[in-house]
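Close look at the chain arrangement
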Amino acid sequence: MLLKLYEKNNNAADLQQVIDILNDGGIIIYPTDTMYAIGCHGLKERAIERICRLKDIDPKKNNLSIICYDLSKVSEYAKVDNATFKLMKRNLPGPFTFILAGTTRLPKIFRNRKEVGIRMPDNAIIQEIARLLDAPIMTATLPHDEHEDIEYCTDPELIEEKYGTAVNLIIDGGIGSTDLSTVVDCTNGEIEIVRQGTGWLDE
């Protein structure tokens, strides 16, 4: 199912439909400030397991990431020291994934790695959904086969053609980007850029 949403003035019933799906353990695809992403309620383990199967990722080997609505929520799910908090405040919302040590508030599936990626995309649609959900959203980029047209990751109608039966809802927020977020590891007391994406870190 494809649902058109906008940067502002969305119908409250449409937004509530998205929240209900997430609260019921459903999976959605949505726009971010980089590529379209696939996600679910970040505290519902079975939904997270579904995404791991869909993406063929092993949560014991791969870091999982969550979207938080604002920085005050981050400290519930990750350990943030003052320097890291200031760094995140300078750069978020934006196209970054900050890797931090996770807390016990996260489901057990996150604790395999003891780390969690934190995203706060600069995208009004997913920000509004995260605010209304009042919970983290587990997030992962759409799987992409290098032999396949990139439009299957950027065009909502083609995304629906490919994933419509695998997820509960696809949010059409317009044509998406092909950019990746910049991954910043903050777990060792030092800042390490693990992957340089579209975001340039203001240190």
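Residues numbered from 1 in each chain as written. Predicted model: local features only at pLDDT ≥ 70, side-chain atom pairs only at ≥ 80, totals over all residues. Heavy atoms only, no water.

Regarding its fold elements, the protein chain presents eight helices and ten strands. The C-alpha atoms of the protein chain give 16 Å as radius of gyration, which agrees with the globular expectation for 203 residues (17 Å, within 12%). Dimensions of the protein chain, computed from C-alpha atoms along their principal axes, come out at roughly 45 × 35 × 35 Å. Counting across all 203 residues of the protein chain, residues that qualify as buried make up 47%. By sequence separation, contacts in the protein chain at least 24 residues apart represent 63% of the contacts at least 6 residues apart. (Helix = DSSP H or I, 4+ residues; strand = E, 2+ residues; numbered from the N terminus. Rg over C-alpha atoms; globule rule 2.2 N^0.38 Å. Buried < 20%, exposed > 50% of the residue type's maximum accessible area, 1.4 Å probe, protein only. Contact = heavy atoms within 4.5 Å.)

Our next topic: the side chain of His41. Checked against the element boundaries, His41 lands in strand β3 (residues 37-41). On the accessibility criterion, His41 (8% relative accessible area) is buried. At a separation of 3.1 Å, a polar atom in the side chain of His41 contacts the main-chain amide nitrogen of Leu43. The contact partners of His41, leaving out residues within four places of it in the chain, are Leu22, Asn23, Ile48, Leu133, Ala135, Pro136 and Met138. (Polar contact = N/O pair within 3.5 Å; in protein donor to acceptor, adjacent residues only side chain to side chain.)

Moving on, we get to the side chain of Thr34. Tracing the sequence through the fold places Thr34 in the loop between β2 (27-30) and β3. Its relative accessible area of 5% is what places Thr34 among the buried residues. Here the side chain of Thr34 touches Arg119 through a polar contact of 3.2 Å, side chain to side chain. Setting aside residues up to four positions removed in sequence, Thr34 forms contacts with Pro95, Arg119, Ser177, Asp179, Leu180, Ser181 and Thr198.

Right, let's get into the environment of Cys153. For Cys153, the position within the fold is in helix α7 (residues 151-154). With 110 residues separating them along the chain, Cys153 and Leu43 place their C-alpha atoms 26 Å apart. Those residues within four positions of Cys153 in sequence are excluded, and the remaining contacts are Met35, Tyr36, Leu142, Pro143, His144 and Ile159.

Another point: the packing of helix α1 (residues 12-23) against helix α6 (residues 124-133). For the pair α1 and α6, interaxial distance at closest approach is 10 Å and the crossing angle is 60°. Regarding the angle of α1 to α6, the classification is oblique. Here α1 runs over α6; the crossing is right-handed. Together, Leu15, Val18, Ile19, Leu22 and Asn23 of α1 and Glu128, Ile129, Leu132 and Leu133 of α6 make up the contact between the two elements. (Axes fitted to C-alpha atoms, helices over the stretch in contact; angles between N-to-C directions. Parallel < 35°, antiparallel > 145°, perpendicular 65-115°, else oblique. Left-handed = near helix turned anticlockwise from the far one by under 90°.)

Ile29, Phe98 and Phe110 are the most contacted members of the largest nonpolar core, which totals 40 residues. Counting residues per element, this core draws most heavily on helix α2 (residues 45-55), at four residues. Those residues in contact with Phe98 that lie beyond four places of it in its chain are Leu87, Met88, Asn91, Leu92, Val116, Gly117, Ile118, Val184, Cys186 and Leu201. Of all hydrophobic cores here, the second largest spans 20 residues; its members include Leu15, Ile67, Ala135 and Ile171. (Core = buried A, V, L, I, M, F, W, Y, C linked by side-chain atoms within 4.5 Å.)

Examined against the element boundaries, Lys73 turns out to sit in helix α3 (residues 71-77). Owing to a relative accessible area of 26%, Lys73 belongs among the partly exposed residues under this scheme. A sequence separation of 89 residues divides Lys73 from Lys162, and the C-alpha atoms of the two residues are 34 Å apart. At 3.0 Å, the side chain of Lys73 forms a polar contact with the side chain of Asp134.

Our next topic: the packing of aromatic side chains. Tallied over the entire structure, the rule returns one aromatic pair. Ring centres of Phe96 and Phe98 lie 5.9 Å apart, and the angle between their planes is 35°; this geometry places the pair in the tilted category. Exposure remark for Phe98: the relative accessible area of 0% places this residue in the buried category. (Phe/Tyr/Trp six-rings, centres within 6.5 Å; stacked < 30°, edge-to-face > 60°.)

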